[in-house]
Amino acid sequence: MTLKPTIRQVLEKPFDASLVKTRPGHFGQNLHYVEAPAYIRRLNEAFEGSWSFEICAHEVMEKEVLVVGKLTIGNGAIVKMAFGSSAVTRHSETGDILSLGDDLKAAATDALKKASSLWGIGLHLYEGNGNKPEPQEEPKAEKPANGTNGNGNGPQRLTAKQLAAIYAIANARNISKDDIQRLTVRKFERVPDFLTKAQASEVIQELQSA
């Protein structure tokens, strides 16, 4: 007798290789991705269409648009939320914004895919290609050596000035916050806020030379 797949098995089932595309990312990485319709079909398959997605908030900045998306399953008892982002597209000569609506739609699609990944959809895309899933829980700060509290010889957390510098340099080079997080997770297995001073200096140097 063939057992019916569980919802988790359906959600975490790898996408067919024919659906997987590749695009260049920052820092020489190749990013594997699958387009939004495949995520929608997977949600329909797992939850038999009993789900909804809405944008709870959005923000338009000079170079980037951000949205907060909410993915709701069934009667609303189960909710996953995620940020989505997209670059603001401008005319190459005049610098005028081409279509803010399209940029917001792209950010909404990004939020849907990220919220879906919290269910396990598409997680295999992070495996084996230099990517790692974005942390779903806030990492703990590194415990300094010798049981110190950061005032001894153990590694110390980065300063607020270093953190601000990381994001300022990234913004100037059109590198998104998500890409910065992927970089630090790949290199140091922690998000930017929890880098040590030495690690932050290394990231700043890499960004300056990018």
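To keep things clear, this report deals only with the structure shown in the data block. (Residues numbered from 1 in each chain as written. Predicted model: local features only at pLDDT ≥ 70, side-chain atom pairs only at ≥ 80, totals over all residues. Heavy atoms only, no water.)

Thoughts on the pairing of strand β5 (residues 78–87)
As judged from the ten bridges shared by strand β4 (residues 64–73) and β5, these two strands associate in the antiparallel manner. Bridge pairing in β5 places Gly69 opposite Ala82. In textbook terms, the turn of a hairpin is the stretch between consecutive antiparallel strands, and for β4 and β5 this stretch comprises four residues, one of which, Gly74, has a positive phi near 65°. (Pairing = 2+ DSSP bridges. Helix = DSSP H or I, 4+ residues; strand = E, 2+ residues; numbered from the N terminus.)

Digging into the sheet that holds β5
Across the sheet, which stays open at both edges, the three strands sit in the order β3-β4-β5 with antiparallel pairing between neighbours. Of all strands in the sheet, those with a lone pairing partner are β3 (51–60) and β5, marking the two edges. On average, each strand axis in the sheet is tilted by 20° relative to the strand beside it, whichever way the strands run. (Axes fitted to C-alpha atoms, helices over the stretch in contact; angles between N-to-C directions.)

Structural notes on the packing of helix α2 (residues 36–47) against helix α3 (residues 100–117)
Running from N to C, α2 and α3 point in directions that differ by 45°, and their axes come no closer than 10 Å. Classified by the angle their axes make, α2 and α3 are oblique. By crossing handedness, the relation of α2 to α3 is classed as left-handed. Side by side, α2 and α3 meet where Ala36, Tyr39, Ile40 and Leu43 of the first sit next to Thr109, Leu112, Lys113 and Ser116 of the second. For the contact of α2 with α3, the per-class residue count stands at five nonpolar, two polar and one charged. (Parallel < 35°, antiparallel > 145°, perpendicular 65-115°, else oblique. Left-handed = near helix turned anticlockwise from the far one by under 90°. Contact = heavy atoms within 4.5 Å. Nonpolar A, V, L, I, M, F, W, Y, C, P; charged D, E, K, R; others polar.)

Considerations on the packing of helix α4 (residues 160–172) against helix α6 (residues 197–209)
α6 packs onto α4 with a crossing angle of 20° between their chain directions and a minimal axis gap of 10 Å. Judged on the interaxial angle alone, α6 and α4 are roughly parallel. Crossing hand, α4 versus α6: left-handed. Side by side, α4 and α6 meet where Gln162, Ala165, Ile166 and Ile169 of the first sit next to Lys197, Ala200, Ser201, Val203, Ile204, Leu207 and Gln208 of the second. Of the residues contributing to the contact of α4 with α6, the split by class is seven nonpolar, three polar and one charged.

A few points about α4
Because an α-helix packs 3.6 residues into every turn, residues spaced three or four apart end up facing the same way. Spanning 13 residues, α4 covers 18 Å between terminal C-alpha atoms, matching the ideal 18 Å at 1.5 Å per step. Taken residue by residue, α4 has Gln162, Leu163, Ile166, Ile169 and Ala170 as its buried positions. End-on view of α4: buried residues confined to an arc of 135°, all on one side of the axis. More than 90 degrees from the buried face of α4, the exposed residues found are Ala160, Lys161 and Ala172. In the segment just after α4, Asn174 is the residue with positive phi, at about 60°. (Expected span 1.5 Å × (residues − 1). Buried < 20%, exposed > 50% of the residue type's maximum accessible area, 1.4 Å probe, protein only. Arc of directions from axis to C-beta.)

A few points about the pattern of salt bridges
For side chains bearing opposite charge, pairing can occur when the charged atoms are close. According to the stated counting rule, one finds nine salt bridges in the structure shown. Close ionic contact of Lys187 with Glu206 constitutes a salt bridge, the shortest N to O distance being 3.5 Å. Taken as a pair, Lys187 in helix α5 (residues 177–188) and Glu206 in helix α6 lie far apart in primary sequence, 19 residues in all. Classification of Glu206 by relative accessible area gives partly exposed; the value is 23%. One salt-bridge network, in which partners are shared between bridges, spans Lys13, Arg42 and Glu45. (Salt bridge = Lys/Arg side-chain N within 4 Å of Asp/Glu carboxyl O.)

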